[in-house]
Amino acid sequence: VTFHTQANVNQAYELMKAAVDAGVNFFDNAEAYSAGEAEKIMGAVIKKAGWKRSNLVLSTKIYWGGEGPNDTGLSYKHIIEGTNGALQRLQTEYVDLIFCHRPDIHTPIEETVRAMNQVIRQGKAFYWGTSEWSAEQIREAHHIARRESLIPPLMEQPQYNMFHRERFEVEYANLYTELGLGTTIWSPLASGLLTGKYSKGIPKGSRLDLDNYAWLRERFEQEGMAEKVLRTIELEQIAGEIGATLPQLALAWCLKNTNVSTVITGASKVDQLKENMKAAQFVNSIDDDIDAKIEEILDNQPTPVPDWRGM
């Protein structure tokens, strides 16, 4: 998501190379990121690096493809045309994963399922999934796919972090075992809030300081954000107890959840990315004692679905 707005091809190459050197092989994108420019940059980087395609797992997301009357949503037409456009920009014959970037209330889910099935049958993607769909919508897509002998969605890309938990931990709870749902979570650092860099306001040059992220800045400035900033200061002290930085603790906390298949973390600087990669070292350091301290600070643990048999 930082490509084009914060990183050109050369900078993106350094970022992706540092990620590959650290063992990363999954790179996520979307037709909406910088109006397709992010896909162009990623495609150019992969070509420049000469990485073997089969060693990489690439994904893109379809929904917001432009200003034209048929360039938005999850219609059969836009999914097919949007996929073709994305592949052209990425300079690849296929993506490994393709996501419906958001649910489309104007298109029947059956139409979307049929379109994604066609994308896979044509070899333009291997698996398809959803992003920020409700559990009900995901189940409906599965039901339609099974009924019509089509390929169902296999993964979801939801927001998940210390401050955003309800949907991932409660609404989706049964889908992980019921459907074998995989997850590629986004915003594990809460748009930078869990890096601690906003504890004294919005620094110059940060994402919230950019004109095209005015919507994110407005969200940051809304009521209740000051309280979250104070919680990050306390969390930073907990991170110090295990020898980690605050972002490393936040990432490790996500990784510790067994229902998290992979954590998507963006970066605009190589040093920042390298530090984030060290988060995996601290997963086992979040023991019951540390976890209890984190929960006490967050004070936002979702209430699970009640088990009335125990009442």
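Our subject is the structure that appears above.
What comes next is a walk through the structure.

Analysis parameters
- Residues numbered from 1 in each chain as written.
- Predicted model: local features only at pLDDT ≥ 70, side-chain atom pairs only at ≥ 80, totals over all residues.
- Heavy atoms only, no water.
- Helix = DSSP H or I, 4+ residues; strand = E, 2+ residues; numbered from the N terminus.
- Rg over C-alpha atoms; globule rule 2.2 N^0.38 Å.
- Buried < 20%, exposed > 50% of the residue type's maximum accessible area, 1.4 Å probe, protein only.
- Contact = heavy atoms within 4.5 Å.
- Areas by Shrake-Rupley, 256 points an atom, 1.4 Å probe, with all protein chains shown as cover.
- Polar contact = N/O pair within 3.5 Å; in protein donor to acceptor, adjacent residues only side chain to side chain.
- Phe/Tyr/Trp six-rings, centres within 6.5 Å; stacked < 30°, edge-to-face > 60°.
- Pairing = 2+ DSSP bridges.
- Axes fitted to C-alpha atoms, helices over the stretch in contact; angles between N-to-C directions.
- Salt bridge = Lys/Arg side-chain N within 4 Å of Asp/Glu carboxyl O.
- Right-handed = clockwise from strand over helix to strand, strands pointing away.
- Parallel < 35°, antiparallel > 145°, perpendicular 65-115°, else oblique.
- Left-handed = near helix turned anticlockwise from the far one by under 90°.
- Nonpolar A, V, L, I, M, F, W, Y, C, P; charged D, E, K, R; others polar.

### Topic: the overall build of the chain
Then, number 1: Assigned secondary structure in the chain consists of 12 helices and seven strands.
Then, number 2: The C-alpha radius of gyration of the chain comes to 20 Å, within 12% of the 19 Å expected for a compact globule of 311 residues.
Then, number 3: The C-alpha extent of the chain, read off along each of the three principal axes, is 60 × 50 × 35 Å.
Then, number 4: Counting over 311 residues, the chain shows a buried share of 49%.
Then, number 5: Relative to all contacts within the chain whose residues are 6 or more apart in sequence, the contacts with residues 24 or more apart total 76%.
Then, number 6: Accessible area of the chain: about 15500 Å², with a carbon and sulfur share of 48%.

### Observations concerning the side chain of D28
Then, number 1: Within the secondary structure layout, D28 lies in strand β1 (residues 26–28).
Then, number 2: Residue D28 is classed as buried on the basis of its relative accessible area, which comes to 14%.
Then, number 3: A polar side-chain atom of D28 sits 2.5 Å from a polar atom in the side chain of S59.
Then, number 4: A distance of 3.3 Å separates a polar atom in the side chain of D28 from a polar atom in the side chain of Q157.
Then, number 5: Once residues lying within four places of it in the same chain are set aside, the contact partners of D28 are Y33, M42, S59, K61, F99, Q157 and I264.

### Some points on the packing of aromatic side chains
Then, number 1: All chains considered together, the criterion is met by six aromatic pairs.
Then, number 2: Centroid distance Y160 to F168: 4.2 Å. Interplanar angle 20 degrees. Geometry classified as stacked. An identical accessibility class is assigned to Y160 and F168; each is buried.
Then, number 3: Grouped by ring-pair contacts, the aromatic residues Y160, F168, Y176 and W253 constitute a single cluster.

### Section: the sheet that holds β1
Then, number 1: Taking strand neighbours across the sheet as the criterion, the seven strands line up as β1-β2-β3-β4-β5-β6-β7 in an open arrangement whose pairing is parallel. Both edges of this open sheet fall to β1 and β7 (262–263), since each of them pairs with a single strand only.
Then, number 2: Strand direction decides the pairing type here: strand β6 (residues 182–185) and β7, joined by two bridges, are parallel. Within the sheet, the bridge partner assigned to T184 lies in β7 and is T262.
Then, number 3: Of the strands in this sheet, β2 (57–62) and β3 (95–100) touch helix α3 (residues 76–90), which is tilted by about 135 degrees from β2.

### Quick look at the pattern of salt bridges
Then, number 1: Applying the stated criterion to the full structure yields 19 salt bridges.
Then, number 2: When the shortest N-O distance is used, the salt bridge between R167 and E132 registers 3.3 Å. Of this pair, R167 sits in helix α6 (residues 166–171) while E132 is found in the loop between β4 (125–130) and α5 (135–147), placing the two residues 35 residues apart along the sequence.
Then, number 3: For E132, a relative accessible area of 16% gives the class buried.
Then, number 4: Notably, a salt bridge pairs R147 with E148, separated by 2.7 Å at the nearest N-O pair.
Then, number 5: Taken together, the salt bridges that share partners define one network made up of E110, R114, R147 and E148.

### As for the pairing of β4
Then, number 1: With five bridges joining them, β3 and β4 adopt parallel strand pairing. Among the inter-strand pairings, L97 is bridged to a residue of β4, identified as Y127.
Then, number 2: Each parallel crossover has a hand, and the one from β3 via helix α4 (residues 109–121) to β4 is right-handed.
Then, number 3: Sheet topology note: the β4/strand β5 (residues 155–156) ladder contains two bridges and is parallel. When the sheet's bridge partners are listed, T130 is paired in β5 with E156.

### Structural notes on the packing of α3 against α4
Then, number 1: With their axes 8 Å apart at the nearest point, α3 and α4 run at an angle of 30 degrees to one another. In terms of their interaxial angle, α3 and α4 are classed as roughly parallel. Once α3 is placed against α4, the crossing between them reads as right-handed. Contacts between α3 and α4 involve Y76, I79, I80 and T83 from the former and E111, T112, R114, A115, M116, Q118 and V119 from the latter.
Then, number 2: When its residues are assigned to classes, the contact of α3 with α4 shows six nonpolar, three polar and two charged.

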